[in-house]
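Coordinate inspection notes
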Amino acid sequence: MNASEGKSRATKGNLRIRNKACGITLTLVKITIYSIIGVIVVYISLAVAFSVIPSKPSATHCQAEKEIYIVSNGVHLDLIMPKDLLTTELQASLQLSEQTRYVAFGWGDAEFYINTPTWADIECGTTFRALFTDSQSALHIVRVQKYQPEWISIQLCEGQLQQINRYIENTFKKNTKGRFQEIQASGYSDLDSFYMANGNFSLFHTCNNWVNAALKHAGVKTSMWSPFDKGVLYHLDRTALI
C-alpha cells in the first residue's frame, strides 16, 4: 500500500468517526428535546388534573358574613383583604394609612417580582433562577383605595377569616425582634412595597399555589393543587353557582 492509499483510508476513517460522532450528538439532542417536551406535557397534564379535583374542606357551621376577594391579571392571583378585616397587628406592621381601604397580597420570587414590573420586562435568567434555584421569596403588598369590579368575592365566617389572617402573617419572614422585613426596592407605584417572605417559589409552589393554599387553610373549597390561576378560579366560579 502506497502513501496515497494510506492517506485516503485514514481520511475515510476520520470521516466515519466524525459522522458517527455527529449521529450520536444529533440523537442526544433529539432525546433532550423530546424529554423536555415530555416533562412539559406531564407537568401541564398533572396541573390540569389536580386543578379540576376539588379540595375537601370540613363542613362549617357558621354564618359567612365576612367578604374578601381574589383577582387575576390573567396569570397571577392576588388575595385582597378589606383593611378592617385584617388583624390590628397586621395593620400596624404594614403601617396602613387612613386612605387605604383594601390590601392586596401576592407571593412570589423576590428577584422576579422586583425586576419584572410588566410582562415586557421578563428575562430568561430571572425566570430560570425563580423556577429552579433556592432563591428568596417576597410578599408584594398593594394598598388599594377603592373597590374594583373585577374582584371575585369569597364569603367567610369569623373562624375562616382568622385562619386567613394567620396564614398571611405566617408568610412574612420576621427578624429577631419579630418584625416584618421590608425589602428596600422600588415598588410599581407609590402604593406598593415588598417584604421578605417564607417559602421558595418553584414549578410546584407558584404564586397561585400560595393563594390556593390560603383558601384551603381557611376551609374554602378550591383545587387540590393548582400552579395556574385558572384552577383556583374554576372552583370559585362553581361555588358561586351553588
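Let me begin by describing the structure that accompanies this report. Note that the coordinates shown come from a computational prediction; the quantities given were computed from them, not determined experimentally.

**Description of the nonpolar core**
If you look at the biggest cluster of nonpolar residues, it comprises 36 residues, and the most contacted ones within it are Ile68, Ile70, Leu94, Phe105, Ile164 and Phe172. In terms of residue count, helix H6 (residues 207-217) provides more of this core than any other element does, five residues in total. Those residues in contact with Phe105 that lie beyond four places of it in its chain are Asp78, Leu79, Met81, Leu86, Leu94, His140, Ile141, Ile168, Phe172 and Trp210.

**Quick notes on unusual backbone geometry**
We note that Gln95 has phi near 50 degrees; this positive angle belongs to a residue other than glycine. Summarising the element assignment, Gln95 is placed in the loop between helix H2 (88-94) and strand E3 (102-109).

**Some points on the packing of aromatic side chains**
Inspection of every chain in the model, using the stated rule, returns 13 aromatic pairs. Taking 5.3 Å as the distance between ring centres and 45 degrees as the angle between the ring planes, the aromatic pair formed by Tyr69 and Trp151 counts as tilted. Of this pair, Tyr69 sits in strand E1 (residues 66-72) while Trp151 is found in the loop between strand E4 (137-144) and strand E5 (152-156), placing the two residues 82 residues apart along the sequence. Trp151 gets classed as buried once you look at its relative accessible area, which sits at 8%. Measuring from centroid to centroid gives 5.5 Å for Tyr167 and Trp210, while their planes differ by 40 degrees, and the two rings are tilted. One end of the pair, Tyr167, is in helix H5 (residues 158-171); the other, Trp210, is in helix H6, and 43 residues separate them in sequence. For Tyr167, a relative accessible area of 14% corresponds to the buried category. What makes Trp210 buried here is its relative accessible area of 2%.

Rules and cut-offs
Residues numbered from 1 in each chain as written. Predicted model: local features only at pLDDT ≥ 70, side-chain atom pairs only at ≥ 80, totals over all residues. Heavy atoms only, no water. Core = buried A, V, L, I, M, F, W, Y, C linked by side-chain atoms within 4.5 Å. Buried < 20%, exposed > 50% of the residue type's maximum accessible area, 1.4 Å probe, protein only. Helix = DSSP H or I, 4+ residues; strand = E, 2+ residues; numbered from the N terminus. Contact = heavy atoms within 4.5 Å. Phe/Tyr/Trp six-rings, centres within 6.5 Å; stacked < 30°, edge-to-face > 60°.

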